Amino acid sequence: VFSRNAVMAWAIGSPKCVEHFKKQCGGDCFWGEDLFVDQCLWKVLGVKRVNDFRLLLEDHCEPPKDWDTCVESQRVAFHPFK
């Protein structure tokens, strides 16, 4: 989940991240987009991260029974149902 400010930082700064990680990894880092965006925002663009683990449910993180029905209105996403 990204704030508007994080999305704006990404829109403006993503080319800087591409160049940064090309140098760091000596080419492609072979990361998925989730790791790339996470590291870009945090390490290159300096966007503050605030974790709120109540927003998402993940099948690998001991979810409640019937979590995969995707009906809890307090949640914003149910992974791996992206």
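As a starting point, this report considers the structure included with it.

Rules used in this analysis
- By convention here, each chain's residues receive numbers from 1 onward along its written sequence.
- Only residues with pLDDT of at least 70 get local features here, since the model is predicted, and only at 80 or more are side-chain atom pairs given and counted; chain-wide, interface and lining totals rely on the full set of residues.
- Excluding hydrogens and water, the side-chain figures rest on all heavy atoms present in the structure.
- To define a nonpolar core, start from buried Ala, Val, Leu, Ile, Met, Phe, Trp, Tyr and Cys residues and group those joined through side-chain atoms within 4.5 Å.
- Working definition: with a 1.4 Å probe on protein chains only, accessible area under 20% of the residue-type maximum means buried, over 50% means exposed, and in between means partly exposed.
- A run of H or I in DSSP counts as a helix once it spans at least four residues, and a run of E counts as a strand once it spans at least two, with each numbered from the N terminus.
- Any carboxyl oxygen of Asp or Glu that lies within 4 Å of a side-chain nitrogen of Lys or Arg is treated as forming a salt bridge with it.
- Between N-to-C directions, angles span 0 to 180 degrees; the directions come from axes that are lines fitted to C-alpha atoms, helices contributing only their stretch in contact.
- The labels follow the angle: roughly parallel below 35 degrees, roughly antiparallel above 145, roughly perpendicular from 65 to 115, and oblique for the rest.
- Note on contacts: a residue pair qualifies if any of its non-hydrogen atoms lie within 4.5 Å across the two residues.
- Amino acids outside the nonpolar list (Ala, Val, Leu, Ile, Met, Phe, Trp, Tyr, Cys, Pro) and the charged list (Asp, Glu, Lys, Arg) are all regarded as polar, and Gly is one of them.

### A few points about the nonpolar core
The tendency in soluble globular proteins is for nonpolar side chains to be buried side by side. Judged by nonpolar contacts, C17, F21, C29, F36, V37, C40, L41 and V44 together constitute the single largest core of eight residues. Only α1 (4-25) and α2 (33-44) provide two or more residues apiece to this core.

### Remarks on the pattern of salt bridges
Summed over the entire model, instances satisfying the criterion amount to three salt bridges. With a shortest N-O distance of 2.6 Å, R49 and D38 are connected by a salt bridge. Placement of the pair is R49 in the loop between α2 and β1 (56-58) and D38 in helix α2, with a sequence separation of 11 residues. The partner of R54 in a salt bridge is D52, and the shortest N-O contact between them spans 2.8 Å. By relative accessible area, which is 62% here, R54 ends up exposed. Given a relative accessible area of 29%, D52 falls into the partly exposed group.

### So, the packing of α1 against α2
Where α1 contacts α2, the axes come no closer than 9 Å and their chain directions differ by 95 degrees. With respect to α2, the axis of α1 lies roughly perpendicular. When α1 is examined against α2, the residues A6, W10, S14, K16, C17, V18, H20 and F21 are found in contact with a partner set consisting of F36, V37, Q39, C40, L41 and V44. Looking at the contact of α1 with α2, its residues break down into 10 nonpolar, three polar and one charged.

### Topic: the side chain of Q39
If you trace the backbone, Q39 turns up in helix α2. Beyond its immediate stretch of four places on either side in the chain, Q39 contacts F21, W31 and V44.

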